[in-house]
Amino acid sequence: MKEYDITIAETLKKTVTVEAENSEEAQEIVEDRWRDGEYVLDAESFSEVDYFVEAERDVPSVEAEKINVLLIKPGRFPQEVQIGLEYEELRKAVGGRVQVTYPFEELVGIICNEDAKYNGMPPNRAMRDMDGKVYDIIVGDFLVVGLTEDDFCSLTPEQVKFYEERFHCPETFLKMGQRMLIVPIPDENVRRQDSPKGQEPKQKKPQDKEL
């Protein structure tokens, strides 16, 4: 990409009639009258326009700003990723219309799919209050992001560590009548899907929690 300085030159013309002894005197009379404002060239005097390239410069390319966030998928460990702030990129990350929630006291938010529950996406993580009681379940992929007064920003290294630990353990959700049984998935079971065949780690018995 380049940028250019372009000069626009408009030509105005107007013919006037004067009496003089010769052409030189006639020209002097017209110049004096023009300087005195007797002759005014306006839009009606327009004749032509020309364009001249005065300078050409290369424009350095600017990459779209990206921020460091946590991407959390059902059945997977949190991943630290870089993502752009454009709506379409956020929409792609969560698989649909973007919804932002602010469940934490510090400047950290959750970006999730507004229609995930209605579209039958898999449940992801349970949200718990300070007493450990489950008050909501996030469905579908979601992002944990930092917040400024009017936009998203990168998580600090301390926030990455804190929220990775908070959402580290994937969970299985089992409907039991009017209750939801939330079963943490052991780390070895999560790693097994990425392990080479025949090198699967032994499973541990998960601890069950009820909602």
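Quick caveat, the model's predicted, so the values are computed rather than measured.

A few points about the pairing of strand β5 (residues 98-101)
For step 1, the next point in the chain: One ladder, built from four bridges, connects β5 with strand β6 (residues 108-113); its direction is antiparallel. In the sheet register, Val 98 faces β6, and the bridge partner there is Asn 113.
For step 2, the next point in the chain: Connecting β5 to the antiparallel partner β6 that follows it, the hairpin turn spans six residues.

Here we look at the nonpolar core
For step 1, the next point in the chain: Core analysis: the largest hydrophobic core is formed by 14 residues, its most contacted members being Phe 104, Ile 110, Phe 142, Val 144, Tyr 163 and Phe 167.
For step 2, the next point in the chain: For this core, the elements supplying multiple residues, two or more each, are β3 (66-72), β6, β9 (142-147) and α3 (157-166).
For step 3, the next point in the chain: Here this core takes three residues from β6, the largest share from any one element.
For step 4, the next point in the chain: Aside from chain neighbours lying at most four places away, what touches Phe 142 is Leu 70, Leu 71, Ile 72, Val 94, Ile 110, Ile 111, Cys 112, Asn 124, Arg 125 and Phe 167.
For step 5, the next point in the chain: Core analysis: the second largest hydrophobic core is formed by 13 residues, Ile 67, Val 69, Val 94 and Ile 111 among them.

Observations concerning helix α2 (residues 87-94)
For step 1, the next point in the chain: Every buried residue of α2 is listed here: Leu 90, Ala 93 and Val 94. On an axial view of α2, the arc spanned by its buried residues comes to 85°, and they lie on one face. Exposed residues pointing more than 90 degrees away from the buried face of α2 are listed as Glu 88 and Lys 92.
For step 2, the next point in the chain: Packed against the buried residues of α2 are β3, β4 (79-84), β5, β6, β9 and β10 (152-153).
For step 3, the next point in the chain: Residue Gly 95 follows α2 closely and has a positive phi angle near 75°.

Some points on the layout of surface pockets
For step 1, the next point in the chain: The calculated volume of the largest pocket comes to roughly 450 Å³.
For step 2, the next point in the chain: In terms of lining residues, the largest pocket is bounded by 19 residues, among which Phe 104, Met 127, Arg 128, Asp 129 and Arg 166 are the most central.
For step 3, the next point in the chain: Among the elements of the structure, β7 (123-128) and α3 are those that each provide at least two residues to the lining of the largest pocket.
For step 4, the next point in the chain: Here the element with the most residues in the lining of the largest pocket is β7; it accounts for four residues.

Notes on the side chain of Glu 171
For step 1, the next point in the chain: Relative to the helices and strands, Glu 171 resides in strand β11 (residues 171-176).
For step 2, the next point in the chain: A distance of 2.9 Å separates a polar atom in the side chain of Glu 171 from the backbone nitrogen of Ala 126.
For step 3, the next point in the chain: A polar side-chain atom of Glu 171 sits 3.0 Å from a polar atom in the side chain of Arg 128.
For step 4, the next point in the chain: When near neighbours in sequence (up to four residues on either side) are disregarded, Glu 171 contacts Asn 124, Arg 125, Ala 126, Arg 128, Ile 182, Val 183, Pro 184 and Ile 185.

As for the pattern of salt bridges
For step 1, the next point in the chain: What the rule picks out here adds up to eleven salt bridges.
For step 2, the next point in the chain: In this structure, Arg 35 engages Asp 32 in a salt bridge whose closest nitrogen and oxygen atoms are separated by 3.5 Å. With Arg 35 and Asp 32 both in helix α1 (residues 23-35), this residue pair falls three residues apart, about one helical turn.
For step 3, the next point in the chain: Judged by its relative accessible area of 57%, Arg 35 falls in the exposed class.
For step 4, the next point in the chain: You can call Asp 32 partly exposed: its relative accessible area is 44%.
For step 5, the next point in the chain: A salt bridge links Glu 89 to Lys 66, with the shortest nitrogen-to-oxygen separation between them at 3.2 Å. A residue pair is termed long-range when its members are at least 10 positions apart, and Glu 89 in helix α2 and Lys 66 in strand β3 qualify at 23 residues.

Quick word on the environment of Lys 161
For step 1, the next point in the chain: Relative to the elements of secondary structure, Lys 161 occurs in helix α3.
For step 2, the next point in the chain: Assessed through its relative accessible area of 54%, Lys 161 is described here as exposed.
For step 3, the next point in the chain: Along the primary structure Lys 161 and Glu 80 are separated by 81 residues, whereas in three dimensions their C-alpha atoms are 9.8 Å apart.
For step 4, the next point in the chain: A distance of 2.8 Å separates a polar atom in the side chain of Lys 161 from a polar atom in the side chain of Glu 165.

What counts and what doesn't
- Residues numbered from 1 in each chain as written.
- Predicted model: local features only at pLDDT ≥ 70, side-chain atom pairs only at ≥ 80, totals over all residues.
- Heavy atoms only, no water.
- Pairing = 2+ DSSP bridges.
- Helix = DSSP H or I, 4+ residues; strand = E, 2+ residues; numbered from the N terminus.
- Core = buried A, V, L, I, M, F, W, Y, C linked by side-chain atoms within 4.5 Å.
- Buried < 20%, exposed > 50% of the residue type's maximum accessible area, 1.4 Å probe, protein only.
- Contact = heavy atoms within 4.5 Å.
- Arc of directions from axis to C-beta.
- 1 Å grid on protein atoms, 1.4 Å probe; cavity = no way out; pocket = protein on both sides within 12 Å on 5 of 7 lines; lining within 4 Å.
- Points joined across faces, edges and corners; volume = space filled by probe spheres on them.
- Polar contact = N/O pair within 3.5 Å; in protein donor to acceptor, adjacent residues only side chain to side chain.
- Salt bridge = Lys/Arg side-chain N within 4 Å of Asp/Glu carboxyl O.

Worth remembering: the numbers are spatial, not functional.
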